[in-house]
Each structure stands twice: as structure tokens, then as C-alpha cells.
Amino acid sequence: MDLRQFLMCLSLCTAFALSKPTEKKDRVHHEPQLSDKVHNDAQSFDYDHDAFLGAEEAKTFDQLPDKEKIVSKIDGDKDGFVTVDELKDWIKFAQKRWIYEDVERQWKGHDLNEDGLVSWEEYKNATYGYVLDDPDPDDGFNYKQMMVRDERRFKMADKDGDLIATKEEFTAFLHPEEYDYMKDIVVQETMEDIDKNADGFIDLEEYIGDMYSHDGNADEPEWVKTEREQFVEFRDKNRDGKMDKEETKDWILPSDYDHAEAEARHLVYESDQNKDGKLTKEEIVDKYDLFVGSQATDFGEALVRHDEF
């Protein structure tokens, strides 16, 4: 086993080892909360600051040299106004910056010819090249099966079907739960993981078995009993004793309340002086304390990364 093969094996073993049998595995993909602060503008704008900028960044908005230039970055169609949809897109970008940072890291390791694209051949060679010549690796992992699954997902992410991914398509490949057109593959992969008897459904024991291993214990934790009740009462909607594709989708990809849209509407409502439903640069700058105030954020870097994407 060479070094790269050893490292992949080690990472997979670590993931399994860290999953304690008494802890609950969460397969549900939720939209993240915009902030853990209370949304009460009468007391402070901290919630709005976190939503607009991302809670982890650091530099004050009023120290930046050209606020109007910054606001123009949010104006996607460059018509001089910021709409609710444009503001919502910016908020989602700010909150999911870690995804783009992950893509940047992986992009460098897979765009082997540095042409600004990642082909399936490049990804396959960078990820699986060292095991392709070994049909029977001695570490117990079925890398060829993993490769087939990756290829299927890559083809789904590749909208034009040329087996060459743009950065946006590569992002959809790495983080399919973030893209509507990739949600079917998220459901399919989840069902394949849990459906041990390969009948195309997830029954109660498969559902529980994915979250909890008895490991010789006769007594189940209370949360496992609750999950059994959840399966019967809410997951299995047609009461046939198993979850089909649509029921599984409702479980792992719930239609959450859109926090980003709610926050965008709130910011427009509070800042829209002439009540035309959209914001000028002047209206945003006049209310900059609502958007960012003294909340520390590396807003300039976020804008640069926004341009890169």
C-alpha cells in the first residue's frame, strides 16, 4: 500500500471510528441559521451583521475605502439597484463561503493541466490513479465502486455533458446538496447507503441501523425509540412500512424556512426610503450600520472571492 492509498484508508477509518454507536447520525441537510443572535433591531443589529457578512470574518465596513463600489458588487445585473433576490444571493454567498474555499483547495489539486477546467479524466487520475492498476487492493475498500459512484455524480453535475466541469459544475459535484438539480443524486446515494437489502426502499430497521449500532446492547437509547416513532408517524407517509424515493427526499432535504430571503426582505424594508421595493447605493450606505455597523468582517476578501466565482 503506497502513501496516498494509506492516507485515504486512514481518513475513512477515522470517520468510522469517530462515529460512536450511541451517537445519532444526522443525514438531514438543513439550511444553516444565519446567526445565533436574537433578531431584535431595537436592541442591536448583530443578527443582520452576521447574516449580511458571515459571522466568522473580520474588518469593519466603515473602514473600507469606497462603500458604493462595494455595494455595486451585490448589484448582480448592474442596473444601479439592489433587489431582494440580489441581496438574498449575497447573503447566501456570505454564509456559504466555506464551500467556495473548499472548492478552491480541491480545484488546485484536480485541474492538472491548469486550463481553468476539471475533466473527469483529470479528477479520476488525481483521485484514483494509484488504485486503477490494482484490481484487488488489500485494504478492503472497493475503490472501483467508489469511482463508478463519483463518475455518475460528475456526469450529473456536468450540465452540458462534455465530461469537463467548470468551477460551478465542480462545486455542484463536490457539494450536491447545495444545488436543486443535484438533489436527486443526493437522495439516490443516501438510499444506496442505507438500503442494505437493495430492494429500492428504506425499511424501519435499515433506517435505525444507519443511525445506531446495537453493539450487543439490548436496551436502546431514548433517542432511538423516538426515531422509531418518527419513522412510523412522519417519515413513512403512506404507511407501507418503508420509505420510497420521495419520502426519503422529504426526510433528508426538507423544505426549510428560507432564512436568507426573510433577512433580505427585512433589510430592504428597513432601508428602502422611497418604498419602491429595491435599494439604491445611497440607501444602503445611509443604513450601513444596519447591514454591518461595527461588526468585524473581512468584507473586502469576500468580495474578491465573489468575483473569482
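The name that an unreviewed UniProt entry assigns to the protein chain is Calumenin, with the source organism given as Equus asinus.

To continue, consider the packing of helix H4 (residues 84-95) against helix H13 (residues 259-271). Where H4 contacts H13, the axes come no closer than 8 Å and their chain directions differ by 125°. By the angle between their directions, the pair H4 and H13 is classed as oblique. As for the relative orientation of H4 and H13, their crossing is right-handed in sense. When H4 is examined against H13, the residues Val84, Leu87, Lys88, Ile91 and Lys92 are found in contact with a partner set consisting of Ala260, Glu261, Glu263, Ala264, Arg265, Leu267 and Val268. Of the residues contributing to the contact of H4 with H13, the split by class is seven nonpolar, no polar and five charged.

As a further point, take the pattern of salt bridges. Enumeration according to the criterion identifies 15 salt bridges in this entry. With its nearest N and O atoms 2.7 Å apart, the salt bridge here joins Lys167 to Glu104. Taken as a pair, Lys167 in helix H8 (residues 167-174) and Glu104 in helix H5 (residues 97-110) lie far apart in primary sequence, 63 residues in all. Of the charged contacts in the structure, one is a salt bridge between Arg149 and Glu192, with a shortest N-O distance of 3.8 Å. Here Glu192 lies in helix H9 (residues 183-194) and Arg149 lies in helix H7 (residues 143-157), a separation of 43 residues in the sequence. Relative accessible area serves as the criterion here: at 25%, Arg149 is assigned to the partly exposed category. Owing to a relative accessible area of 38%, Glu192 belongs among the partly exposed residues under this scheme. Via salt bridges that share partners, Arg149, Arg152, Arg153, Glu189, Glu192 and Asp193 belong to a single interconnected network.

The biggest cluster of nonpolar side chains holds 36 residues, and the ones touching the most others in it are Tyr123, Phe170, Phe173, Tyr207 and Trp251. Other than its neighbours up to four places away in sequence, Phe170 contacts Val103, Gln106, Trp107, His110, Val118, Tyr123 and Ala165. Listed in part, the 18 residues of the second largest apolar core include Val84, Tyr100, Ala260 and Leu267.

Attention now moves to the side chain of Thr190. Mapped onto the secondary structure, Thr190 falls in helix H9. Classification of Thr190 as buried rests on a relative accessible area of 7%. Beyond its immediate chain neighbours, meaning those up to four positions away, Thr190 contacts Arg27 and Ile252.

This part takes up the UniProt feature "domain: EF-hand" (unreviewed entry) in the protein chain. Within this structure's numbering, the places UniProt gives as "domain: EF-hand" (unreviewed entry) are residues 62-97, 98-133, 145-180, 182-217 and 259-294. The annotated region residues 145-180 carries 58% helix and 6% strand content, and the separation between its end C-alpha atoms amounts to 25 Å.

The next subject is the environment of Ile164. Here Ile164 is to be found in strand E3 (residues 164-165). Classification of Ile164 by relative accessible area gives partly exposed; the value is 30%. Sequence separation between Ile164 and Tyr123 is 41 residues, and the spatial gap between their C-alpha atoms is 9.8 Å.

What follows is about H13. For H13, built from 13 residues, the straight-helix expectation of 18 Å at 1.5 Å per residue is met to within 8% by its first-to-last C-alpha distance of 18 Å. When we look at burial in H13, the residues that qualify are His259, Ala260, Glu263, Ala264, His266, Leu267, Val268 and Ser271.

Looking now at the side chain of Asp195. Mapped onto the secondary structure, Asp195 falls in the loop between H9 and strand E4 (202-203). Comment: no salt bridge for buried Asp195; closest opposite-charge side chain is Lys196, at 9.0 Å. Looking at Asp195, its side chain comes within polar contact range of the main-chain nitrogen of Asp199, at 3.1 Å. Polar contacts involving the side chain of Asp195 include one to the main-chain amide nitrogen of Gly200, which spans 2.8 Å. Those residues in contact with Asp195 that sit more than four places away from it in its chain are Gly200, Phe201 and Glu206.

About the cut-offs
- Residues numbered from 1 in each chain as written.
- Predicted model: local features only at pLDDT ≥ 70, side-chain atom pairs only at ≥ 80, totals over all residues.
- Heavy atoms only, no water.
- Axes fitted to C-alpha atoms, helices over the stretch in contact; angles between N-to-C directions.
- Helix = DSSP H or I, 4+ residues; strand = E, 2+ residues; numbered from the N terminus.
- Parallel < 35°, antiparallel > 145°, perpendicular 65-115°, else oblique.
- Left-handed = near helix turned anticlockwise from the far one by under 90°.
- Contact = heavy atoms within 4.5 Å.
- Nonpolar A, V, L, I, M, F, W, Y, C, P; charged D, E, K, R; others polar.
- Salt bridge = Lys/Arg side-chain N within 4 Å of Asp/Glu carboxyl O.
- Buried < 20%, exposed > 50% of the residue type's maximum accessible area, 1.4 Å probe, protein only.
- Core = buried A, V, L, I, M, F, W, Y, C linked by side-chain atoms within 4.5 Å.
- UniProt positions renumbered as here; feature names shortened; annotations may be inferred.
- Expected span 1.5 Å × (residues − 1).
- Lys, Arg positive; Asp, Glu negative; His and termini not counted.
- Polar contact = N/O pair within 3.5 Å; in protein donor to acceptor, adjacent residues only side chain to side chain.

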